[in-house]
Amino acid sequence: DAVQNAASLNRYPDGASSELREKLGEINNLNPEQIICGAGSDEILELIAYAYCGEGDEVIYTQHGFLVYPIAAMSAGAKPIAVAEKNLTADVDTILAAVNERTRIVMLANPNNPTGTYISGAELKRLRADLREDILLVIDNAYAECVTADDYDMGYDLADAAPNTIITRTFSKMYGIPALRVGWGYAAPEIIDILNRIRPPFNLTTLGQVGACAALDDVEFMQKSVAHNTKWREWLSAELRGLGCEVPPSQGNFVLAKFADANAVFEKLRANDIIVREMGGYGLPEYLRISIGLEADMKKLVALLGE
Ligand SMILES: Cc1ncc(COP(=O)(O)O)c(C=O)c1O
């Protein structure tokens, strides 16, 4: 309906994504002036890299962190530095130990894709407190809506406290509209101003803006999606562990599972029309990432693995 109602496709979109920013501000209790929208949060991450690092600089991310971080760093001419995780989870002390005079940015997905693991609000606060003030901390909350852990915090307070922290979020995961390419960032006005200077003037389409506003209005869809995701994430994790797989606790809309022969499992599932994600590119060749799907899909997958 939203797409049908989106008028004026013969005109350029609103370059400031004003209505969407207003709505995001209202719903999240944030100042819309401190919000920037992007063609997916990927674009926000790229803008951050272009604006805040270059030749001779380093960008820290964690060992199995989202791969757009090193790509964004390298496209800006900087060197990505992957730091070790503990139990497939970001470790604040290891991140801090990797900081040197060349460090410009730390990029952290919380929870992370593909591990599904997260660090608590207290740990996030400690990371910001112990990180040099002139280093930009990027807290990528792409999976925030899926999180059920009580001690999770998106970090808005940290972004409010100083112009050295930016929060990113997306409509691509639990809002279910990755094809429309809508993401956003929240930071101090100084940071938003810098990012707006290099942002392409019409980076979001009209359909993206209208679709995202409609998605924000559909509260029931989100509630149903979160309930479904939580139920089947926990069910799938337990079943996989029952089958002998190592499964890190996931706060995302997927689980990561370790198999004796991940390749054979991948092929078997594919032969049965279930596509999971191979993890070699993330340095986790023994693992597969499995998205939470419909009940029938989850049961079919577990039945196939149990054979
Ligand atoms: C951790 C994380 N951040 C950001 C993104 C980018 O999503 P989008 O550009 O669709 O907003 C993804 C997508 O896979 C992700 O997993």
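Anything mentioned here points back to the structure above.
This one's a predicted model, so the numbers in the text were calculated from it and none came from an experiment.

(A) Main features of the pattern of salt bridges. One pass over the full model with this rule turns up 16 salt bridges. Note that R181 is salt-bridged to D42, the shortest N-O span being 3.8 Å. Of this pair, R181 sits in the loop between β6 (165-170) and β7 (183-187) while D42 sits in helix α3 (residues 40-52), and the two are 139 residues apart along the sequence. Among the residues examined, D42 registers a relative accessible area of 24% and is labelled partly exposed. With its nearest N and O atoms 3.9 Å apart, the salt bridge here joins K258 to E286. Placement of K258 in strand β8 (residues 254-258) and of E286 in the loop between β9 (277-278) and β10 (287-291) is noted, with a sequence separation of 28 residues between them.

(B) Representation of the side chain of N229 in the model. Along the polypeptide, N229 turns up in helix α10 (residues 219-242). The class of N229 is buried, set by a relative accessible area of 4%. Discounting residues that sit within four places of it in the chain, N229 has contacts with C146, M174, G252, N253 and I292.

(C) Summary view of the site of the ligand. As a structural note, the neighbourhood of the ligand is formed by 13 residues, with S41, D140, T170, S172 and K173 the closest of them. N113 is positioned with one of its side-chain polar atoms (N or O) 2.8 Å from an oxygen atom of the ligand. One nitrogen or oxygen atom from the side chain of S172 is found 2.5 Å from an oxygen atom belonging to the ligand. When the ligand is considered free in solution it has 400 Å² of accessible area, and contact with the protein chains removes 92% of it. Considering every element that reaches the shell around the ligand, the biggest residue donor is α3, with three residues. When grouped by side-chain class, the residues that make up the shell around the ligand number four nonpolar, five polar and four charged.

(D) Layout of unusual backbone geometry. Cis geometry is adopted by the peptide bond preceding P111, which originates at N110 and carries an omega value of -5°. Within the element layout of this structure, P111 appears in the loop between β4 (103-109) and α6 (121-130). Along the chain, N113 connects to P114 via a cis peptide bond; the corresponding omega equals 15°. Looking at where P114 falls in the secondary structure, it is placed in the loop between β4 and α6. With phi around 55°, R181 is a residue other than glycine that occupies positive phi space. The phi angle at D273 is positive, at roughly 65°, despite the residue not being glycine.

(E) Representation of helix α4 (residues 68-75) in the model. For α4, the set of buried residues is V68, Y69, P70, A72 and A73. The elements touched by buried residues of α4 are α3, β2 (58-62), β3 (79-83), β4 and β5 (136-140). Immediately downstream of α4, the backbone of G77 shows phi near 90°, a positive value.

The rules behind the values
Residues numbered from 1 in each chain as written. Predicted model: local features only at pLDDT ≥ 70, side-chain atom pairs only at ≥ 80, totals over all residues. Heavy atoms only, no water. Salt bridge = Lys/Arg side-chain N within 4 Å of Asp/Glu carboxyl O. Helix = DSSP H or I, 4+ residues; strand = E, 2+ residues; numbered from the N terminus. Buried < 20%, exposed > 50% of the residue type's maximum accessible area, 1.4 Å probe, protein only. Contact = heavy atoms within 4.5 Å. Near = heavy atom within 4 Å. Polar contact = N/O pair within 3.5 Å; in protein donor to acceptor, adjacent residues only side chain to side chain. Areas by Shrake-Rupley, 256 points an atom, 1.4 Å probe, with all protein chains shown as cover. Nonpolar A, V, L, I, M, F, W, Y, C, P; charged D, E, K, R; others polar.

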